[in-house]
Amino acid sequence: MIPDFFQFHLPTKILFQAGISKDFSNELQSLGLSRLLVITDKPLRNTGLIEPILLGLKNAGVESVVVFDDVPPNSEVRVVKKACELGKSIDAQGIVAIGGGSVMDTAKAANILLTHGGDLVNDYSGAQTLTTSLNPLIAIPTTSGTGSEVTKVAVILDEERGVKLSFLDRFLYPTMAILDPELTLSMPPKLTAMTGMDALTHAIEAYTSLEFNPFSDALSLRAISLIRKFISKAVAEGGNLEARSAMMVASNLAGIAFDHAMVGVVHSMSHATGAIAHVPHGLANSILLPWGMEYNFDASHARYAELAPSLGIDSSKMSAEGAAREVIETVRQMRTELKKICGLADNLREAGVKEEDLPRIAALAVEDGSSFYNPREVVEEEVLEKLKKAY
Ligand code: NAD
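My aim in this report is to walk through the structure given alongside it, one point at a time.

The rules we used
- Residues numbered from 1 in each chain as written.
- Predicted model: local features only at pLDDT ≥ 70, side-chain atom pairs only at ≥ 80, totals over all residues.
- Heavy atoms only, no water.
- Helix = DSSP H or I, 4+ residues; strand = E, 2+ residues; numbered from the N terminus.
- Rg over C-alpha atoms; globule rule 2.2 N^0.38 Å.
- Buried < 20%, exposed > 50% of the residue type's maximum accessible area, 1.4 Å probe, protein only.
- Contact = heavy atoms within 4.5 Å.
- Pairing = 2+ DSSP bridges.
- Axes fitted to C-alpha atoms, helices over the stretch in contact; angles between N-to-C directions.
- Core = buried A, V, L, I, M, F, W, Y, C linked by side-chain atoms within 4.5 Å.
- Near = heavy atom within 4 Å.
- Polar contact = N/O pair within 3.5 Å; in protein donor to acceptor, adjacent residues only side chain to side chain.
- Areas by Shrake-Rupley, 256 points an atom, 1.4 Å probe, with all protein chains shown as cover.
- Nonpolar A, V, L, I, M, F, W, Y, C, P; charged D, E, K, R; others polar.
- Parallel < 35°, antiparallel > 145°, perpendicular 65-115°, else oblique.
- Expected span 1.5 Å × (residues − 1).
- Bend = angle between axes of the 7 residues up to and from the residue.
- 1 Å grid on protein atoms, 1.4 Å probe; cavity = no way out; pocket = protein on both sides within 12 Å on 5 of 7 lines; lining within 4 Å.
- Points joined across faces, edges and corners; volume = space filled by probe spheres on them.

Each helix and strand counted, the chain has 14 helices and nine strands in total. Taken over the C-alpha trace, the chain has a radius of gyration of 20 Å; the compact-globule value for 391 residues is 21 Å, and the two agree within 12%. With 391 residues in all, the chain has 58% of them scored as buried. A separation threshold of at least 6 residues defines the contact pool for the chain, and within that pool the share at least 24 residues apart is 77%.

Moving on, we come to the sheet that holds strand β1 (residues 13-16). Taken in spatial order, the six strands of this open sheet run β1-β9-β6-β4-β2-β3, and their pairing is parallel. One side of each edge strand has no neighbouring strand; the edge strands of this open sheet are β1 and β3 (64-68). Neighbour to neighbour, the strand axes of the sheet diverge by 20° on average, direction disregarded. The pairing of β1 with strand β9 (residues 176-179) spans four bridges and is classified as parallel. Each residue of the ladder has a partner; that of F16, found in β9, is L179. Docked against the sheet, helix α4 (residues 77-89) engages β2 (35-39) and β3, running at close to 165° with respect to β3. Contacting β2, β4 (94-99) and β6 (137-141), helix α5 (residues 101-116) runs over the sheet at an angle of about 165° to β4.

With that settled, the discussion passes to the nonpolar core. Side chains that are nonpolar tend, in soluble globular proteins, to be buried together. Residues I204, L348, V383 and L387 are the most contacted members of the largest nonpolar core, which totals 76 residues. Of the residues forming this core, the biggest block, eleven residues, is contributed by helix α8 (residues 241-261). Among residues more than four places away in sequence, those in contact with L387 are M269, L288, L348, L358, I361 and A362. With 34 residues, the next largest nonpolar core counts L37, I95, M104 and L114 among its residues.

The next subject is the site of the ligand. Residues in contact with the ligand amount to 25 residues; listed here are only the nearest, S102, D105, T142, T143 and T151. Between the ligand and G101 there is a distance of 2.8 Å, counted from an oxygen atom to a backbone nitrogen or oxygen. The separation between a nitrogen atom of the ligand and a polar side-chain atom of D105 is 2.8 Å. Here the ligand, which alone exposes 860 Å², has 87% of that area covered by the protein. Element by element, the count of residues in the shell around the ligand is highest for α5, at four residues. Considering only residue class, the shell around the ligand consists of nine nonpolar, 13 polar and three charged.

For the pair helix α6 (residues 189-208) and helix α12 (residues 320-342), the least separation of the axes is 10 Å and the interaxial angle reads 170°. Relative to α12, the element α6 is oriented roughly antiparallel. Here P189, K190, A193, M197, L200 and I204 of α6 come into contact with α12, specifically with V331, M334, R335, L338 and C342. Grouping the constituent residues of the contact of α6 with α12 by class yields nine nonpolar, no polar and two charged.

Taking 1.5 Å of rise per residue, 23 residues should cover 33 Å, and helix α7 (residues 214-236) covers 34 Å from first to last C-alpha, within 8% of that figure. At F230, α7 shows its maximal bend, which comes to roughly 45°.

The next thing to look at is the layout of surface pockets. There is about 420 Å³ of room inside the second largest pocket. What lines the second largest pocket is a set of 20 residues, among which Q7, K152, E211, D259 and H260 lie closest to the centre. Looking at the lining of the second largest pocket, its residues break down into eleven nonpolar, five polar and four charged.

Moving on, we get to the side chain of D346. Looking at the element boundaries, D346 is found in the loop between α12 and α13 (358-367). Side chain to side chain, D346 and K339 meet in a polar contact 2.9 Å long. Of note is the side chain of D346, whose polar atom sits 3.4 Å from the side chain of N347. Excluding its chain neighbours within four sequence positions, the residues that come into contact with D346 are I287, R335 and K339.

Glancing now at unusual backbone geometry. Non-glycine residue Q128 carries a positive phi angle of around 50°. Backbone geometry at H278 places phi at a positive 55°, although glycine is not the residue there. Summarising the element assignment, H278 is placed in the loop between α9 (265-277) and α10 (281-295). What makes H278 exposed here is its relative accessible area of 61%.

In structure tokens, the structure reads:
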């Protein structure tokens, strides 16, 4: 199905190779940067992954580098400010973000302040608030899930007001995404599983969102087939570079897909679950994905049916409804498999959510920006019903 109108724009240059994060000097030199702010987090620094990348920057002729490694899992406005201040201390010309979604989102927000000035990034929140481009940002993901290295989105917590600020702007696209699957070898099994399921959620929701288009469809389908084939292997055999490579590429494809097509009710519910019960983004998506798919069954079963071959289902003799049910069942089986391998929670109770918080989560989910792109209206009572089932 071809929509009446769509557009596709991706200014981020993507490079993939095992080991490439240690030496991408040609690319660095083409950007002509000699003073850089590196943003990462402490646990990652402790893995020893960061130092070889810093050495690579030095060997490439970067004269001055400062490292900010204080990014927490849900980054905050004050963290963005501190990172920016450190960058200003060397008059940084650009940023290198090395980490998962939290680090990359922090870097995007810090880049706004570093380029345009100001004290608090709050002033720039919302959609399309920027009028000119930002300093170069090189994103080096170390998880395979969020796709933030190729999206125009960042989410930062305003800790004073207790709300999550969204930034959505074409100038937030990283200049370059360096995909080095070796950086993900150190991910523990549960993190691998939840981030992988995050990528699957991006791909499936992009495929059924109101804004889907032929480009996002193609990216989603490839991402789904790679994840189906490799997620369990990546979780069970963390050192398997083939599986790690496939998951990293899949996450990137899914990131581009949802950046262009947006997401839906699964994200509405998981954003709210994250805000109220502090469940990690990927875990919330993993738990809520089949329930969100059921929520959209009537509106989307024909589109779900199209996903069957990518999930390894022979649907040639099935009705569209039958194939769609099989697709949802396969997503459930994937979670069961992951639970068996690494103990990933498959319900909200195990994820630490309090039952009495479900009504608040449902109310917040309805207001979430993702709800606008869902193929059917997001209704509070019905969301609550699904949340109870996911509990
Ligand atoms: P994360 O960045 O919060 O990292 C989780 C933990 O994993 C951290 O402790 C980190 O140190 C550790 N870690 C990261 N890489 C590792 C590695 N290779 N080995 C060992 N440990 C490693 O997790 P995430 O799931 O990548 O990101 C979640 C965040 O991304 C959320 O804040 C979410 O809102 C955001 N997000 C952003 C986008 C976007 O497009 N901007 C999309 C989806 C999610």
